[in-house]
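Notes for the structure review
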Amino acid sequence: MNRPDPHKPPQTPRFDILGQAIGDASRTRMLCELMEGRAYTNKELAAAAGITPQTATAHLRMLQEAGLVVAEKRGRCVYHRLSGAEVAQALEQLAAIAPADSLYLAQRRKAGGLAEVRSCYDHLAGPLAVAMTQAFLRRGMLAERDGGFDTVPSDLWAPLGVTLPDPQRSARQPFARPCLDWTERRLHVAGPLGRQLLSHALERGWMLRRQHKRGLTLTAPGRRALHQLLGLELSGSATELTNGGPHV
């Protein structure tokens with residue numbers, strides 16, 4: 001049996017590598033573009049970051065070396081995407097703890113409609129996602145426990161496109177994972193539950209993807225469905241609960 005060497009310094013996470021990878025405005029803009037969950041070419045990411053494709057190549061190489069981005073060749077094109085949902089979650093949480101100064105407020109204003117209804121890799125984010133999460137908690141569909149969420153059986157899950165996991169089977173990851181929203185500084189639901197909610201909303205036409213960016217369009221059928229199922233009153237850019245709950 002190998003015993004740890006008491007004279008060898010303990011291994012620590014290489015935050016320095018990650019810090020260097022995300023410590024550039026152009027690389028940050030490319031990462032934010034990839035948080036939609038789709039894959040993009042070098043040229044598309046260069047345009048999003050406002051740099052040349054040659055410069056983007058160097059930036060993407062650094063992001064790949066840090067394990068944040070992976071490249072896939074499809075035909076003659078090479079597409080880049082985030083290496084996994086955990087990367088998107090980490091980026092979203094980093095954005096949420098960024099200082100709430102004038103720069104943050106300016107960025108939030110610039111986000112406009114994107115901040116209202118958007119995707120975070122494979123799940124919903126923004127004020128609507130926060131309001132839905134609060135509705136789940138109010139209606140007893142979710143329960144907070146040890147900083148996480150437990151799902152509770154309810155007749156409302158099926159109409160929302162959610163199939164709860166078998167409680168007898170142990171899962172490798174939580175079914176409902178809390179994710180700190182970067183614009184709201186409150187929790188929304190991620191994990192398999194968040195993925196099912198977004199997929200169902202897109203399949204039913206409750207939400208539509210925009211051509212660019214992570215913004216989503218909430219349709220009239222979507223507004224009606226969320227009002228009928230969760231009691232959410234959605235008017236314009238305001239998202240609030242019909243039972244007089246706080247504006248979120």
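Residues numbered from 1 in each chain as written. Predicted model: local features only at pLDDT ≥ 70, side-chain atom pairs only at ≥ 80, totals over all residues. Heavy atoms only, no water.

Our next topic: the overall build of the chain. Across its full length, the chain carries 10 helices and 13 strands. Out of the 248 residues belonging to the chain, those deemed buried represent 40%. Taking the intrachain contacts of the chain between residues at least 6 apart in sequence as the baseline, contacts between residues at least 24 apart amount to 57%. Carbon and sulfur atoms form 53% of the exposed surface of the chain, whose accessible area is close to 14,100 Å². (Helix = DSSP H or I, 4+ residues; strand = E, 2+ residues; numbered from the N terminus. Buried < 20%, exposed > 50% of the residue type's maximum accessible area, 1.4 Å probe, protein only. Contact = heavy atoms within 4.5 Å. Areas by Shrake-Rupley, 256 points an atom, 1.4 Å probe, with all protein chains shown as cover.)

Quick look at the sheet that holds strand E1 (residues 40–41) now. The strands making up a sheet associate through backbone hydrogen bonding, with each pair oriented either parallel or antiparallel. Taken together, 3 strands build an open sheet; the order of strands is E1-E3-E2 and the sheet is antiparallel. In the strand order of this sheet, the two ends are held by E1 and strand E2 (69–74), each with one partner. Of the pairings in the sheet, the one linking E1 to strand E3 (residues 77–82) comprises 2 bridges and is antiparallel in character. The residue bridging tyrosine 40 from the neighbouring strand is histidine 80, located in E3. The sheet strands contacting helix H4 (residues 53–65) are E2 and E3, and the helix crosses E2 at an angle near 115 degrees. (Pairing = 2+ DSSP bridges. Axes fitted to C-alpha atoms, helices over the stretch in contact; angles between N-to-C directions.)

A word on helix H2 (residues 25–34). Here H2 has its buried residues at Ser26, Arg27, Met30, Leu31, Glu33 and Leu34. Buried positions in H2, seen along its axis, are confined to an arc of 155 degrees and lie on one side of it. Measuring from the side-chain oxygen of the N-cap residue of H2 to the backbone nitrogen of serine 26 gives 2.9 Å; that N-cap residue is aspartate 24. (Arc of directions from axis to C-beta. Polar contact = N/O pair within 3.5 Å; in protein donor to acceptor, adjacent residues only side chain to side chain.)

Nonpolar side chains in soluble globular proteins generally cluster together in the buried interior. Grouped together as the largest cluster of nonpolar side chains are 31 residues, with contacts concentrated most on Leu128, Phe136, Leu160, Leu193, Leu230 and Leu232. Where this core is concerned, the elements lending two or more residues are helix H8 (127–138), helix H9 (191–203), strand E11 (216–218), helix H10 (220–230) and strand E12 (232–235). Per element, the largest residue contribution to this core is 6 residues, and it comes from H8. Those residues in contact with leucine 160 that sit more than four places away from it in its chain are Phe136, Met141, Gln196, Leu197, His200, Trp206, Leu229 and Leu230. Membership of the second largest hydrophobic core comes to 23 residues, among which are Tyr40, Leu63, Val69 and Leu82. (Core = buried A, V, L, I, M, F, W, Y, C linked by side-chain atoms within 4.5 Å.)

With 13 residues, H4 ought to run about 18 Å at 1.5 Å a step, and its terminal C-alpha atoms sit 18 Å apart, in line with that. For H4, the set of buried residues is Ala56, His59, Leu60 and Leu63. Projected down its long axis, H4 carries its buried residues within an arc of 100 degrees, all on one side. Away from its buried face by more than 90 degrees, H4 exposes Gln54 and Glu65. Tucked into the core, H4 has its buried residues touching helix H1 (15–22), H2, helix H3 (42–49), E2 and E3. Glycine 67, located one to two residues past H4, shows a positive phi value of around 80 degrees. (Expected span 1.5 Å × (residues − 1).)

On to the confidence of the model for the chain, then. Mean pLDDT over the chain stands at 81; residues scoring 70 or higher make up 80%. Contacts from residues 237–248, a stretch scored under 50 in pLDDT, to residues over four places away or in other chains number 31 contacts. (pLDDT = per-residue confidence, 0-100.)

On to empty space enclosed by the protein. Within the structure shown, the criterion is met by 2 cavities of 30 Å³ or more. Computed from the structure, the largest cavity encloses a volume of approximately 70 Å³. Forming the boundary of the largest cavity are His123, Leu124, Ala129, Met132, Thr133, Phe136, His188, Val189, Gly194 and Leu197. Of all elements in the fold, only strand E5 (123–125), H8, strand E9 (187–190) and H9 reach the threshold of two or more residues within the lining of the largest cavity. The leading source of residues in the lining of the largest cavity is H8, at 4 residues. For the lining of the largest cavity, a count of residues per class yields 6 nonpolar, 4 polar and no charged. Lining the second largest cavity, in full, are Met132, Leu160, Leu197, His200, Ala201, Trp206, Met207 and Leu226. No other element matches the 3 residues that H9 contributes to the lining of the second largest cavity. (1 Å grid on protein atoms, 1.4 Å probe; cavity = no way out; pocket = protein on both sides within 12 Å on 5 of 7 lines; lining within 4 Å. Points joined across faces, edges and corners; volume = space filled by probe spheres on them. Nonpolar A, V, L, I, M, F, W, Y, C, P; charged D, E, K, R; others polar.)

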